[in-house]
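Structure assessment
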Amino acid sequence: MSKPESEQNMDEFEVEVECLMDALFLRWGYDFRGYSRASLRRRVDRYLADNHYQRVADLQHELIRDKKRCIHFVRGLTVNVTEMFRDPEFYRVIREQVVPELKSHPFLKIWHAGCSTGEEAYSMSILLQEEGLGERAVIYATDVNSQVLDQASKGVYPERMLAMARDNYRISGGRGSLDDYLSVGYERFLIDPILKKNIVFTQHDLVTDQVFGEMQMVICRNVLIYFRRELQTKVLTLFHDSLDLGGFLALGIKESLRNLPKQFRYKAVDEATRVFQRVD
Ligand SMILES: C[S@@+](CC[C@H](N)C(=O)[O-])C[C@H]1O[C@@H](n2cnc3c(N)ncnc32)[C@H](O)[C@@H]1O
């Protein structure tokens, strides 16, 4: 069996990054110690260059003493890339294979963990409206990064993202026109406020915060890839404990259940888009 990532040989820079993460946790409670080493390395490297630090030690010295610097740094540690109807086949699977089961519930609770700037939650809200589930669903859209959540709750995006959003929507099996759900102007597009009605955007840290209870679906795409094996196991346990029996866990094309604790049971709904159903 291979060693956990935390016990593998590290070069000098990686040792410095590891110490930096320990300092961040000890001083301010932000816990990035379980993030993948390669990802942390890239993010810290970029932060040093962008902010003109010569050495990790200089940044560490400042981070320990200055909360504002710490918040700025933490925002730079997360990767927030996202788009409307990202990986459209994922939404097609939800529409065709999950929605029919969701229709049997009088009330639905759906959790988007790591929602970034909100496009994923708005896409789901559109899908639910079109499937006649909009009125009975509440979407909890969470992220560790408060800055992206501010953008998410505004629902305003650059117009240059719109062409791709329209294509994605069409490929995902959208039943109308995406433009029915937004308005365009000043090189931006604005999500129809009606779609916000059933979305609650709130800060939640998958590493340190608690379970979100009795969800019928948990969606967490493009987040676990940044975590080490042990942290993935911890977060998959959190999702399991947050799901209703028969609830759906939707991880998207880049993730897997490889690090799921053995005692948990899921049935694959769709292997390619990694949509699973909790069976015990
Ligand atoms: C690449 S984005 C994915 C956004 C969206 N789920 C998608 O697939 O398009 C990853 C998001 O995970 C969030 N994230 C990273 N660590 C997190 C944590 N510990 N708790 C909650 N969210 C986290 C980041 O802030 C970022 O917004």
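Scroll up for the structure.
Presented here is an overview of the structure given in this document. Here, residues in each chain are numbered from 1, in the same order as that chain's written sequence. For this predicted model, a pLDDT threshold of at least 70 governs which residues receive local features, and a threshold of 80 or more governs which side-chain atom pairs are given and counted, while totals over whole chains, interfaces and linings are taken from all residues. By convention in this description, side-chain values take in all heavy atoms of the structure and omit both hydrogens and water.

1. Let's talk about the nonpolar core
In a soluble, globular protein the nonpolar side chains are often hidden away together inside. Heads up, the condition is: The set of buried Ala, Val, Leu, Ile, Met, Phe, Trp, Tyr and Cys residues whose side-chain atoms join them within 4.5 Å is what this entry labels a nonpolar core. Relative accessibility thresholds used throughout: buried, under 20% of the residue-type maximum; exposed, over 50%; partly exposed, between the two (1.4 Å probe, protein chains only). The way it works is that DSSP assigns letters per residue, a run of H or I at least four long becomes a helix, a run of E at least two long becomes a strand, and they are numbered from the N terminus. Note that the domain bounds were set by an automatic or database domain assignment. Working rule for contacts: check all heavy atoms of both residues, and any pair within 4.5 Å makes them a contact.
Core analysis: the largest hydrophobic core is formed by 43 residues, its most contacted members being M21, F73, L206 and F239. If you list the elements that add at least two residues to this core, you get α1 (12-28), α2 (37-50), α3 (56-65), α4 (67-77), β1 (108-113), β7 (215-219), α9 (229-242) and β8 (243-250). Here this core gathers at least three residues from each of two domains, domain 1 (5-77) and domain 2 (88-278). Those residues within four positions of M21 in sequence are excluded, and the remaining contacts are F32, R33, L40, V44, F73 and L77. I110, Y181, F201 and I219 belong to the second largest nonpolar core, which has 42 residues in total.

2. Looking at the layout of surface pockets
The condition that has to hold: Only protein atoms enter the calculation, which uses a 1 Å grid: trapped sets of points that fit a 1.4 Å probe without letting it out are cavities, open sets showing protein on both sides within 12 Å along at least five of seven lines are pockets, and any residue with an atom within 4 Å of a point is a lining residue. Grid points are joined across faces, edges and corners, and a volume is the space filled by probe spheres set on the points. Classes in brief: Ala, Val, Leu, Ile, Met, Phe, Trp, Tyr, Cys and Pro nonpolar; Asp, Glu, Lys and Arg charged; the others, Gly included, polar.
Put simply, the largest pocket is a space of about 420 Å³. Lining the largest pocket are 26 residues, with V79, G114, D143, N222 and V223 positioned closest to its centre. Grouping the constituent residues of the lining of the largest pocket by class yields 12 nonpolar, eight polar and six charged. The two domains that each donate at least three residues to the lining of the largest pocket are domain 1 (5-77) and domain 2 (88-278).

3. What about empty space enclosed by the protein?
Rolled over the atoms, a probe as big as a water molecule pinpoints where empty space is left. The tally for this structure, following the rule as stated, stands at one cavity of 30 Å³ or more. As a volume, the largest cavity reaches approximately 70 Å³. Every residue lining the largest cavity is listed: T82, E83, M84, E119, Y157, M161, M164, A165 and F189. A breakdown of the residues in the lining of the largest cavity according to their chemical character gives six nonpolar, one polar and two charged.

4. Quick word on the sheet that holds strand β2 (residues 137-143)
Worth spelling out the cut-off: Between any two strands, at least two bridges found by DSSP are needed for them to pair. To define axes, lines are fitted to C-alpha atoms, for helices over the stretch in contact only, and angles between the resulting N-to-C directions are given on a 0 to 180 degree scale.
Pairing is mixed across the open sheet formed by seven strands, whose spatial order is β6-β2-β1-β7-β8-β10-β9. The open sheet has two edge strands, β6 (199-203) and β9 (266-270), and neither has a second partner. Across the sheet, the mean angle separating the axes of adjacent strands is 20° when strand polarity is ignored. Across four bridges, the pairing between β9 and strand β10 (residues 275-278) is antiparallel. The partner of D270 across the bridge, within β10, is V275. Contacts between helix α6 (residues 119-130) and the sheet are confined to β1, β2, β6 and β7, with β2 contributing the most and set at about 170° to the helix.

5. Description of the pattern of salt bridges
Here is the rule: Salt bridges are identified by distance alone: a Lys or Arg side-chain nitrogen within 4 Å of an Asp or Glu carboxyl oxygen.
Per the stated rule, a full pass over the model turns up 16 salt bridges. Linking R69 and E62 is a salt bridge whose minimum nitrogen-to-oxygen distance equals 3.1 Å. Residue classification places E62 among the partly exposed residues on the basis of a relative accessible area of 28%. A salt bridge links D87 to R221; the nearest nitrogen and oxygen atoms lie 4.0 Å apart. Of this pair, D87 sits in the loop between α4 and α5 (88-102) while R221 sits in the loop between β7 and α9, and the two are 134 residues apart along the sequence. As far as the burial class goes, D87 and R221 line up, both buried. Each of R95, K103, E130, E131 and R175 takes part in a single network of salt bridges with overlapping partners.

6. Thoughts on the packing of α2 against α4
To be explicit about the condition: Any angle from 65 to 115 degrees is called roughly perpendicular, while one under 35 is roughly parallel, one over 145 is roughly antiparallel, and all others are oblique. Throughout, a crossing is termed right-handed when the near helix is turned clockwise from the far one, and left-handed when it is turned anticlockwise from it by less than a right angle.
Running from amino to carboxyl end, α2 crosses α4 at an angle of 130°, the nearest separation of the two axes being 9 Å. Judged on the interaxial angle alone, α4 and α2 are oblique. With respect to the hand of their crossing, α2 and α4 are arranged in right-handed fashion. Where α2 approaches α4, its residues L40, R43, V44 and Y47 are matched on the opposing element by R69, H72, F73, G76 and L77. Of the residues assigned to the contact of α2 with α4, the class counts are five nonpolar, two polar and two charged.

7. Brief notes about the environment of F85
Structurally, F85 can be placed in the loop between α4 and α5. When its relative accessible area of 0% is taken as the criterion, F85 is described as buried. Linking F85 and K67, residues 18 residues apart in sequence, is a C-alpha distance of 36 Å. Those residues in contact with F85 that lie beyond four places of it in its chain are Y91, S123, I126, N168, Y169, S172 and L178.

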